[in-house]
Amino acid sequence: MTRADPVPENPVPANTVKCVVWDIDNTLLTGTYLESGDEPPGADPVLAAVLAELGERGILHALASKNPPEAAAHTARVTGWRFAAAECGWGLKSGALTKIAATLGIAVDALAFVDDDAYERAEVGSALPGVLVLSPEEAAEAAGWPEFSPPVITAEARRRGEMYAERQRRQEAQRAFGGTQEQFAESVGTRVTIAAATATDVPRLAELAARTRQFNSAAGRDVGPPGEGMTQDWFAGLLSAPGCDVITVRLRDAFGDDGMVGGCVISREAGTWTVPLLMMSCRAMGRGVIDALLAWLTRQAARAGAGRLRIPCVPDGRNVPLRLALAAAGFRVPERLPVVYERDLGASLPALPGWVTAPGEAGPGSVADDLRAFLASATGRDELLHIPPAAALFGAPVGLDSLTGTLLLREIQRRFGVDVAGEDLNLDSLATLGTLAAFVAERARPGGGP
């Protein structure tokens with residue numbers, strides 16, 4: 001691999017590397033582990049610094065080495081890095097990379113591979129042409145390359161290594177569980193929160209748009225105005241666009257908090273809802289999250305009076321998991337080109353698991369989350385996302401004024417179909433967040449909707 005070639009005038013955006021798979025001998029270590037006697041070699045200081053730099057950007061690291069497992073443990077100690085996966089043995093390196101990708105739940109072509117041995121690099125390059133193959137000398141300079149420079153780096157990105165360790169513990173527990181996926185999700189306290197996006201969500205939304213591939217309906221292509229791209233500015237503009245909703249999906253359970261793992265953009269028109277962008281992190285794969293989002297979209301569109309729900313989906317080899325999820329959720333492609341998945345909304349609506357909290361799914365808890373999101377967005381005070389049910393709306397910490405209160409009541413009527421002022425003439429329900437949420441949940445028409 002070289003960077004000596006001229007950059008084309010209109011370069012194709014580089015695929016962002018999600019994980020670097022490293023050889024050990026004469027790569028991360030300054031010598032050969034099995035030939036070092038009683039004193040194993042230390043870490044290469046230049047490449048150890050690359051490990052840290054890329055890790056800060058949310059890029060994972062793994063090991064693939066023709067060594068015993070003890071070599072991986074030694075490498076972790078001397079580099080000070082916790083590797084997301086390690087394949088030690090004497091088989092083909094391409095096989096090791098395939099196993100690592102499967103373990104981490106990411107596509108093989110989201111990997112980079114670093115090895116000092118030209119034969120090993122050639123074997124991987126031939127067997128897995130989508131992998132970015134590098135020598136140690138190239139890896140030392142790679143931090144400045146676009147493949148290793150995600151456009152947005154969020155708190156979720158910096159915790160990615162920790163979250164993959166949580167993922168491994170979760171997978172081990174699920175293998176030992178013996179029940180269904182749904183039963184396991186309930187047993188570990190899974191909580192999926194679907195909510196309207198706020199300004200603070202914009203960086204993470206842009207990051208998801210840039211990084212997701214297996215669950216990305218746009219397949220990395222822009223869905224906004226030509227040349228604008230799915231940038232932070234684009235998402236920020238959508239927050240106030242008429243007839244448009246930007247949705248976030250968060251995930252947590254007893255093993256850890258994955259933060260925002262997905263999102264979508266909804267365009268609401270008479271008779272038809274269209275989702276021009278739907279995206280989900282591969283960390284949520286196999287945990288029922290994409291199915292819950294599709295079910296919620298179907299329910300919301302139907303209850304708003306739409307006859308069709310459309311999800312344009314650019315097909316490529318990497319987003320097959322999303323297309324399979326769409327098919328399983330009852331979406332079909334009526335015409336081959338352009339590829340648009342559609343679902344008839346006249347049939348019975350899909351159910352949502354009890355561990356999903358979402359707008360329009362009336363219940364005090366979900367209504368309260370909606371009210372928190374609106375208050376935070378309307379006032380620009382993100383701390384209101386976390387106020388307890390007992391928080392007084394007209395006192396500290398909310399300090400609701402008459403204008404914001406009026407906007408809040410209008411939003412409740414739009415979203416849930418509840419005229420609070422018309423039904424509660426004294427407005428006693430506005431005493432606290434909890435009393436207002438309970439009032440709305442009790443009176444909301446099933447599913448709410450605009």
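One numbering rule holds for all chains: residues counted from 1, following each sequence as written. With the structure being a predicted model, the display of local features is reserved for residues of pLDDT at least 70 and the display and counting of side-chain atom pairs for 80 or more, all residues being used for whole-chain, interface and lining totals. Side-chain measures were taken over the full set of non-hydrogen atoms in the model, leaving aside hydrogen atoms and water.

Some words on the sheet that holds strand β5 (residues 132-134)
Which entries qualify depends on this criterion: Pairing between two strands requires that DSSP report at least two bridges joining them. Helix numbering and strand numbering both begin at the N terminus, where a helix is a DSSP run of H or I of at least 4 residues and a strand a DSSP run of E of at least 2. Here an axis means a line fitted to C-alpha atoms, over the contact stretch when the element is a helix, while the angle between two N-to-C directions is reported on a 0 to 180 degree scale.
Spatial ordering of the open sheet is given by β3-β2-β1-β4-β5, a layout of five strands whose pairing is parallel. Every interior strand has two partners, whereas the edge strands, β3 (85-88) and β5, have only one. Sheet twist, expressed as the average angle between the axes of neighbouring strands with direction ignored, equals 20°. In this sheet, strand β4 (residues 111-114) lies alongside strand β1 (residues 19-22) in parallel orientation, the contact comprising four bridges. Opposite Trp-22, over in β4, you have Val-114 as the bridge partner.

Some points on the domain arrangement of the chain
How we decide: Note that the domain bounds were set by an automatic or database domain assignment. Two residues qualify as a contact provided that any one of their heavy atoms is within 4.5 Å of a heavy atom in the partner residue. Summed over both partners, buried area is the accessible surface (1.4 Å probe) that two parts give up on being assembled. Note on definitions: salt bridges are taken to be side-chain nitrogens of Lys or Arg within 4 Å of carboxyl oxygens of Asp or Glu. Charged means Asp, Glu, Lys or Arg here, nonpolar means Ala, Val, Leu, Ile, Met, Phe, Trp, Tyr, Cys or Pro, and polar covers whatever is left, Gly included.
If you check the domain split of the chain, you get domain 1 (19-148), domain 2 (179-356) and domain 3 (362-444). Between the C-alpha centres of domain 2 and domain 3 there is a distance of 26 Å. Listed by partner, the interface residues are five residues for domain 2 and six residues for domain 3. For the pair domain 2 and domain 3, the summed buried area comes to about 470 Å², and 53% of that belongs to carbon and sulfur atoms. The three residues of domain 2 that bury the most area against domain 3 are Ala-196, Thr-198 and Thr-200, which together make up 63% of that side's buried surface. For the pair domain 2 and domain 3, the number of links is zero salt bridges. Taken together, the residues of the side of domain 2 that touches domain 3 break down into one nonpolar, three polar and one charged.

Some words on the sheet that holds strand β12 (residues 356-357)
Spatially, β11-β10-β9-β8-β7-β6-β12 is the arrangement adopted by the seven strands of the open sheet, whose pairing is mixed. Looking along the sheet, the strands with just one partner apiece sit at the ends: β11 (340-344) and β12. Note that strand β9 (residues 272-280) and strand β10 (residues 308-312) share three bridges and pair parallel. Across the sheet, the residue bridging to Thr-274 is Arg-310, located in β10. Set on the sheet, helix α12 (residues 289-303) makes contact with β6 (191-196), β7 (244-253), β8 (256-269), β9, β10, β11 and β12; between it and β9 the angle comes to about 165°.

A short note on helix α13 (residues 320-328)
Put simply, the rule reads: Working definition: with a 1.4 Å probe on protein chains only, accessible area under 20% of the residue-type maximum means buried, over 50% means exposed, and in between means partly exposed. This arc describes the spread of directions from the helix axis toward the C-beta atoms.
Those residues of α13 that sit buried are Leu-322, Ala-325 and Leu-326. Seen along its axis, α13 keeps its buried residues to an arc of 100°; they face one direction. Set apart from the buried face of α13 by more than 90 degrees, the exposed residues are Leu-324 and Ala-328. Packed against the buried residues of α13 are β9, α12, β10 and β11. Gly-330 sits one or two positions beyond α13 and adopts a positive phi of about 95°.

Quick look at unusual backbone geometry
The step from Ala-396 to Pro-397 runs through a cis peptide bond, and the omega angle for that step is 5°. Note that Pro-397 resides in the loop between α14 (364-379) and α15 (402-416). The phi angle at Asn-26 is positive, at roughly 55°, despite the residue not being glycine. By the secondary structure assignment, Asn-26 is in helix α1 (residues 24-28). You will see that Leu-427, though not glycine, has its phi angle at about 55°, which is positive. With respect to the element layout, Leu-427 can be found in the loop between α16 (420-423) and α17 (433-443).

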